[in-house]
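In case you want the letters, here they are:
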Amino acid sequence: MAVEVSQTPVRSILTRTSGFLRTVASHSLQPYRGCSYGSALCGVGCYVRHNGLLTRGRPWGSFLEVRVNAAQRYSERVEAERRWAHRQGLFSIFMSSSTDPFVPQERKFRITQSLLEAMADAPPDELIVQTHSHLVTEYSDLLVELDSRCAVRVHLSIESDRDKLPGLPPPASTVARRFAAAAALRDAGLRVVITVAPLLPIDEPDAFFARIADHADAVVIDHFIGGDGSTGGARTNRTALPRAMATIDPASVTIAYRDRMIDLARRHLPGHVGVNIDGFAGRFLSP
């Protein structure tokens, strides 16, 4: 699918979180609107694809709006948002909840880079970087610099141990590349969490979680049932993902499958396994 790329200024870039995401961070931040990975594996079950306010009738994965003044807006609002957040707790940022910060177009527009540079000048208390792409390693030096000024945690999604799942498109970044990225980021001194989100059918789960233990500090397992912020996984059930999962492995669409994967993960990463929203919030991690 061709991606229509446009450039647009925004009035604000720091969004005060609510609902499900409120337990993870005080603010969310999207360098881009839309996601050019929307036609890849991670986009199939992405519940924001049905958010009419975001898509405006466009197919998910077909558009990317470049928020050209994002860093400027961050710098203008950061102190006010910090004061607001500190009345309740930490000033923490989740980047991002509805688009990947490291889409291929980032190499041209550098919006995420400009935001990280602005954060280095005026850091939050905590930054959680969520991505499906190995391209995050291109900013490892900048993330390390920022980590000296606030708590940085990189969440790297690896949903399965297979790049090819019948009936589903390939991932935005191969499993091997993402594991290599996790190792490189951890070697640079960053805290790395593999997010198995959403949990997809895994061919060799014991070997998969052993590999995660070798490449990252922790793992989060997030099944779409109980993990997508809706009752019974209703958001994800509106997508094609559950049907494809059931075709590959009927057990994979059940909570029992999730619990079996959690037990396996705990054998390899005792004390470093998070589940669903509490996992994204990092409550299981020691300071």
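Residues numbered from 1 in each chain as written. Predicted model: local features only at pLDDT ≥ 70, side-chain atom pairs only at ≥ 80, totals over all residues. Heavy atoms only, no water.

## Regarding helix 8 (residues 205-215)
At step 1: Along helix 8, the residues that are buried comprise Pro205, Phe208, Phe209 and Ile212. Here the buried residues of helix 8 occupy an arc of 90° about the axis, which is enough to place them on one side.
At step 2: Residues of helix 8 that are buried make contact with helix 7 (175-187), strand 9 (191-196), strand 10 (218-221) and helix 11 (255-268). (Buried < 20%, exposed > 50% of the residue type's maximum accessible area, 1.4 Å probe, protein only. Helix = DSSP H or I, 4+ residues; strand = E, 2+ residues; numbered from the N terminus. Arc of directions from axis to C-beta. Contact = heavy atoms within 4.5 Å.)

## Quick notes on the packing of helix 7 against helix 8
At step 1: Viewed as axis vectors pointing N to C, helix 7 and helix 8 meet at an angle of 30°, and their least axial separation amounts to 9 Å. The orientation of helix 7 with respect to helix 8, classified from their angle, is roughly parallel. Note on element contacts: helix 8 touches helix 7 through Phe208, Arg211, Ile212, Ala213, Asp214 and His215, opposite Val175, Ala176, Phe179, Ala182, Ala183 and Arg186.
At step 2: Residue classes in the contact of helix 7 with helix 8 are distributed as eight nonpolar, one polar and three charged. (Axes fitted to C-alpha atoms, helices over the stretch in contact; angles between N-to-C directions. Parallel < 35°, antiparallel > 145°, perpendicular 65-115°, else oblique. Nonpolar A, V, L, I, M, F, W, Y, C, P; charged D, E, K, R; others polar.)

## Some points on the sheet that holds strand 4 (residues 32-34)
At step 1: One open sheet holds the three strands; their spatial order is 1-5-4, and the pairing between them is mixed. Looking at the sheet topology across the chains shown, the edges are occupied by strand 1 (4-8) and strand 4. When the angles between neighbouring strand axes are averaged without regard to direction, this sheet yields 20°. (Pairing = 2+ DSSP bridges.)

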